[in-house]
Amino acid sequence: MLEANGLMVFYENMLALNNVHLRCKKEEIVGVFGANSAGKSTLMYTLSGIMDDIRKKEAMAGGERITVLGEIKYLGREIGALKPSKRAREGIILCPERRRIFRESSVMENLRIGGYLSTAAQASETIDYVFSLFPALKNLRKRIGGFLSGGEQQMLAIGRALMAQPKLLLLDEPLLGLSPLMQATLVRSTRVIRDQRKISLIVTEQYARPVLPIVDYAFILENGTAVLEGNREELMGNPDVRAAYFGVN
Ligand code: ATP
């Protein structure tokens, strides 16, 4: 589905991603775990192509120089040169960190905006699907986004991403700042989405513990370098991983 090789991202002289190799097969959930500043968002921006927009904006404003190197293959084809809008049309959809919903728009408006790539029939089917996945959102459909709780905003952010008909959904730190109960709900929903929509997902998180039970494969990022990778059992059985990313020994 997706394979990235030798990804390097520099912010000026600062190396944010260092020769990262990553792959996500069809209908897999792949985890990327790492501490603050490990490079998780940089990776997600690079895969979705948004890094290219950021790079151009910085260059136009005479700001910092951002350099992106490496190869990204998606469905067998190199997409490194594709604009983010093109990648979205091909099915790579980013649900960014800190749930960037439209805070002044209602739940329903947020979903409709997310469906700009869909046909009317797809949009209406997907709205029904999102409401069946997150029944709480259905009751809140007229509520303004900015007035939702953190968990509701995250459900909306995922719902909006689903409206774009992803084949590969990139979830950047979806659990950040949420209660354990809400985290459990979202982790469960992530697996349900994979099973029911038959899509692939890459999920970044600081802590592996809540997400590891649903991942097929995962990578550990440290200071921009993928230091470890393996399937769920391999990572759960690794004492270093357990100590550093699970908070247990
Ligand atoms: P967090 O959990 O804090 O979101 P992260 O793993 O997503 O962390 P990134 O946001 O990708 O990490 O940042 C990786 C490194 O790159 C950090 O050292 C960060 O300070 C740096 N960085 C990120 N964006 C920029 C930028 N626009 N300019 C300069 N440095 C940046």
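The structure reproduced in this document is the subject of the present report. (Residues numbered from 1 in each chain as written. Predicted model: local features only at pLDDT ≥ 70, side-chain atom pairs only at ≥ 80, totals over all residues. Heavy atoms only, no water.)

Digging into the sheet that holds strand 7 (residues 168-172)
- Spatially, the 6 strands line up as an open sheet ordered 6-7-8-3-9-10, and their pairing is mixed. Looking at the sheet topology across the chains shown, the edges are occupied by strand 6 (92-95) and strand 10 (225-231). Averaged over neighbouring strand pairs, the angle between their axes works out to 15° when direction is ignored.
- Bridging between strand 3 (residues 29-33) and strand 9 (residues 217-222) involves 4 bridges; their strand directions are parallel. Within strand 9, the residue paired with Val30 across the bridge is Tyr217. (Pairing = 2+ DSSP bridges. Helix = DSSP H or I, 4+ residues; strand = E, 2+ residues; numbered from the N terminus. Axes fitted to C-alpha atoms, helices over the stretch in contact; angles between N-to-C directions.)

Details of the packing of aromatic side chains
- Taken as a whole, this structure holds 1 aromatic pair when the rule is applied.
- One cation-aromatic arrangement involves Arg23 over Tyr217; the distance from NZ or CZ to the ring centre is 4.2 Å.
- Seen from the ring of Tyr129, Arg197 lies directly overhead, with NZ or CZ sitting 4.2 Å from the centre. (Phe/Tyr/Trp six-rings, centres within 6.5 Å; stacked < 30°, edge-to-face > 60°. Lys NZ or Arg CZ within 6 Å of the ring centre and 35° of its normal.)

What about the packing of helix 5 (residues 120-133) against helix 7 (residues 150-163)?
- Contact pair helix 5 / helix 7: the axes reach a minimum separation of 9 Å and the direction vectors enclose 155°. As judged from the angle between their axes, helix 5 and helix 7 are roughly antiparallel. Judged by the twist between their axes, the crossing of helix 5 over helix 7 is right-handed. Contacts between helix 5 and helix 7 pair Ala123, Thr126, Ile127, Tyr129, Val130 and Leu133 from the former with Gly159, Leu162 and Met163 from the latter.
- Here the contact of helix 5 with helix 7 is built from residues that sort into 7 nonpolar, 2 polar and no charged. (Parallel < 35°, antiparallel > 145°, perpendicular 65-115°, else oblique. Left-handed = near helix turned anticlockwise from the far one by under 90°. Contact = heavy atoms within 4.5 Å. Nonpolar A, V, L, I, M, F, W, Y, C, P; charged D, E, K, R; others polar.)

Focus: the site of the ligand
- Among the 14 residues in the neighbourhood of the ligand, the closest are listed as Ser37, Ser41, Thr42, Glu64 and Glu173.
- Taking Glu97, its side chain carries an N or O atom lying 3.1 Å from an oxygen atom of the ligand.
- Here an oxygen atom of the ligand sits 2.8 Å away from a polar atom, N or O, in the side chain of Glu173.
- Protein coverage of the free-state accessible area of the ligand, which is 630 Å², stands at 69%.
- Taking a 2 Å distance to the grid points as the criterion, the majority of the atoms of the ligand fall inside the second largest pocket.
- Those elements that provide at least two residues to the shell around the ligand are strand 2 (14-24) and helix 1 (40-48). (Near = heavy atom within 4 Å. Polar contact = N/O pair within 3.5 Å; in protein donor to acceptor, adjacent residues only side chain to side chain. Areas by Shrake-Rupley, 256 points an atom, 1.4 Å probe, with all protein chains shown as cover. 1 Å grid on protein atoms, 1.4 Å probe; cavity = no way out; pocket = protein on both sides within 12 Å on 5 of 7 lines; lining within 4 Å. Sits in = over half its atoms within 2 Å of the grid points.)

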